[in-house]
Amino acid sequence: MIIKEVLSYINDLPFEQLFNDQTIKTIKQQKKDLSQSDKRFLLKKLSEFRSFDVHFTFCVILAYSIWYPDEAIVEARKKGVFRYKAWGFKTNCAEFLLKKIKELYTLISYSDDTKQFINKKLMLSWMFDFYKKSEEDLIKYIKEHHRNRRRTRIGTAFVEESLFKELLAYADTMFYLNSRSYEYINKHKIEGYNHEEICDSISYIIYLYDATIGIKSNCHYIVSAQYVLSDEIEKIILMACKVNQLQEWEISIDYFNYNVKSIEKNLLIFDDTQLFEKSIRLGYVRRNMQEQLFYHENIKRSEEKYLSLSEVGDYIKEKLGEQLVKEVGSGPLSRYRFEFPEPLFDPFQNPDMFQGKFFREEVLSIAHNAREMIMNNKDASEKKITKNCTLNDVVLFQRFFSLMNLIASQILFNQKDSNKVIRSLIPHIQYEDLINILTVFMGDRVRAEELLQLFTYKKDLKLDLQYTPFVQASGGLFFSNSIVSKSNLLRNCIAYSYLAKNQLVNQDDRETLVQECIRIFSERHQEYRVFSNKKFSYCGQNGEVDILVISDQDVIIIECKSPLSPTSNFEMRASVEHINKAAKQLDHCNAAFMDKAFRKKYLKSLNISDLPRSIHTCIVFGNRLFNGYSVNGHPIRYVRELDMILNNGHIYSGAGTWRVWQSEEFKHEELISFLSPDHPLMISNFNSMEKVEQYMFIKGRKVCFETYVFNFVKAMEQYDMHFSTKNKNDTVREKIHSNYEKYKKFNDSRKR
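Residues numbered from 1 in each chain as written. Predicted model: local features only at pLDDT ≥ 70, side-chain atom pairs only at ≥ 80, totals over all residues. Heavy atoms only, no water.

Caption draft 1: Layout of the confidence of the model for the protein chain. With 97% of its residues at a pLDDT of 70 or more, the protein chain has an overall mean of 92. At the low end of the mean pLDDT range in the protein chain sits helix α31 (residues 730-751), at 78; at the high end sits strand β16 (residues 634-638), at 98. (pLDDT = per-residue confidence, 0-100. Helix = DSSP H or I, 4+ residues; strand = E, 2+ residues; numbered from the N terminus.)

Structure representation (structure tokens):
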């Protein structure tokens, strides 16, 4: 029996017969085992579960479980089969599957870990009702808002208020009026969500609006300024924020194996190991700190070499001033319209002025992006995004919107009538007009068209305004200029291309990380023999070592992974897949090199004598997340930290400098110690993470998520204790202490 026949046989049986021991025995007699191609067939069905009914999906899980019960559940979890929102809201399909799997316990031997997962997911079956009720309430609100919208005739045409445009205006206002408070732990209030999370929620509501009402090409849309500034709009945004946040937490359970504990009426979602969650939060904190440090260190160096966009904005304002904004309409329809006179574009078409030149902010953006991608500036800027466009073109594409942002902040927001300003925020530009403008900045119409198409919302994919900020309507394009100009389009266009399976972009950037590792080990260390991309075969299975480092005492096997730094748990699933794949490869490598006969023969092929050596493994990661965590005993280390250990030995900050090496010179033992979870740097960083609980209330139930925040005061104390302090900046330290005390007081007052 081939697996397709097995699945067909199971699917055709009456449902009650699926729980018959004789059914399982009959199948096992007809088919002894699952091949890799069988597994691929079943995994494809699981990944397409939304295309099938729940009965068929249960049959797929059952077919897989007959031979590999725990693996079947793990793979279904990864595909999102048990997520309560994934199936839509006709019936609670996830709960149905979980209960039916539980009925299989007498027939199929699932492990205690699998049973624990089934039980904790069933404990959360109320999530389905919450998701369903929230979406129904949002759709009901969308319909009511549409029914009550103000419509006005202008000549022969009607203009009408539209929720989708008002949400875009809210996003713009949020960015321009950058004074909102932020409470990291309170997910029951809108203040508990940052700009990016609010943009995600606005994207969700606009997606529902388009599915319910439709964003039409023959309508003329306006906004109600009073509504954009009201508490009412924030209520629906908060509703969407809570849905998105709960989905993030649910992914932690399904994909990252977080635990759930019921405490009276409250629920706590937490990482049993603590280290996984700590490594994620620490990675985000260090990424933000390094980004600030990068710009702080480099902005002064670039001041004399490059003109700033803000200086160009001042130049344009001085030359054109009020010509850039024109008052149009009257009464409640009055607004300011952006104007684009020819002199605005002249400097960008003049080789003696700005044509072919990059500005300071753009140069730093390219350099920072290259650093994050572990590339040099040239290779990063020339990375292909579309058939004809590179990341350099994305910078030029974004330039126009950055200038618009300067005009809005310096001219538009200086106008006295705030309602009129709000009504003016979301530009609507005809496609041809926008292409012509972008062609001026990019120097090529085809490239302008390709990027505009890339960044325009496609209705067959999920809307995310930070990836596709342009919305087609009224014969042109609407967009929140602050989202277009302030989003990290260099990073987001790559991430979006991965999602869209764009093969031009979806190439393995691992090789750049491999080359960086070779440089790190070879630049100053003659004691190491370094090999890359070495193939081998062991026990009938092929393998490849990305980096093989050999000293007289040790063999270090390194697997390089360079996924894009994620911004959410949804994106983080790909990073974890990279880690799991690397761990599997290292398991095979480790088994081979622990075999003395294999090792002797393999080292001989490299002209290396077979001395007694210890075997070590490491996953070198291209981003900071998971640094310090281990999988199957394989430590994960961030490439820049590896570089520091081998070639510098110091931690630098405004508060001081610490020597991580035991002495002034590098010794091989420093590297081996660095690969241990007990290395002082790992201990110091993880000890500096303080436990907090994010929370929201759902139907009288307090749902908490245990996470961690970085305490820089603790980090300084840990570094002082574990490392040699080279210098201290007492002024900076006092400021850090003072800010921390204020933060503690603020948090304590909110708890009371």
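Caption draft 2: Quick look at the sheet that holds strand β13 (residues 554-561). The six strands are arranged β11-β12-β13-β14-β16-β15 in an open sheet whose pairing can be described as mixed. Two strands in the sheet have a free side with no partner beyond their single neighbour: β11 (529-538) and β15 (630-631). Summarising the sheet, β11 and strand β12 (residues 541-550) pair through nine bridges and their orientation is antiparallel. Within β12, the position partnered with K535 by the bridge is E544. (Pairing = 2+ DSSP bridges.)

Caption draft 3: Just empty space enclosed by the protein, in detail. For the coordinates displayed, the defined rule picks out one cavity of 30 Å³ or more. Looking at the largest cavity, its volume works out to about 40 Å³. Taken together, G313, I316, K317, L324, L406, I407, Q410 and I411 make up the lining of the largest cavity. For the lining of the largest cavity, the elements supplying multiple residues, two or more each, are α14 (309-320) and α18 (391-410). Among the residues forming the lining of the largest cavity, the class breakdown is five nonpolar, two polar and one charged. (1 Å grid on protein atoms, 1.4 Å probe; cavity = no way out; pocket = protein on both sides within 12 Å on 5 of 7 lines; lining within 4 Å. Points joined across faces, edges and corners; volume = space filled by probe spheres on them. Nonpolar A, V, L, I, M, F, W, Y, C, P; charged D, E, K, R; others polar.)

Caption draft 4: How the structure looks around the pairing of strand β18 (residues 656-659). Residues G656 and W658 of β18 are buried on one face, and the alternating residues T657 and R659, pointing to the opposite face, are buried as well. Sheet topology places strand β17 (residues 650-653) next to β18; four bridges connect them, and they run antiparallel. Bridge pairing in β18 places Y652 opposite T657. Between β17 and the antiparallel strand that follows it, β18, lie two residues. (Buried < 20%, exposed > 50% of the residue type's maximum accessible area, 1.4 Å probe, protein only.)

Caption draft 5: Molecular detail of the pattern of salt bridges. All chains considered together, the criterion is met by 40 salt bridges. Its salt-bridge partner being R360, residue E311 comes within 3.8 Å of it at the nearest N-O pair. Of the two residues, E311 sits in helix α14 while R360 sits in helix α16 (residues 360-372), which places them 49 residues apart along the sequence. For E311, a relative accessible area of 37% translates into the label partly exposed. Judged by its relative accessible area of 11%, R360 is buried. Taking the shortest distance from any N to any O, the salt bridge between D643 and R519 comes out at 2.8 Å. In this pair, D643 sits in helix α27 (residues 639-647) while R519 sits in helix α24 (residues 510-522), placing the two residues 124 residues apart along the sequence. Assessed through its relative accessible area of 17%, D643 is described here as buried. (Salt bridge = Lys/Arg side-chain N within 4 Å of Asp/Glu carboxyl O.)

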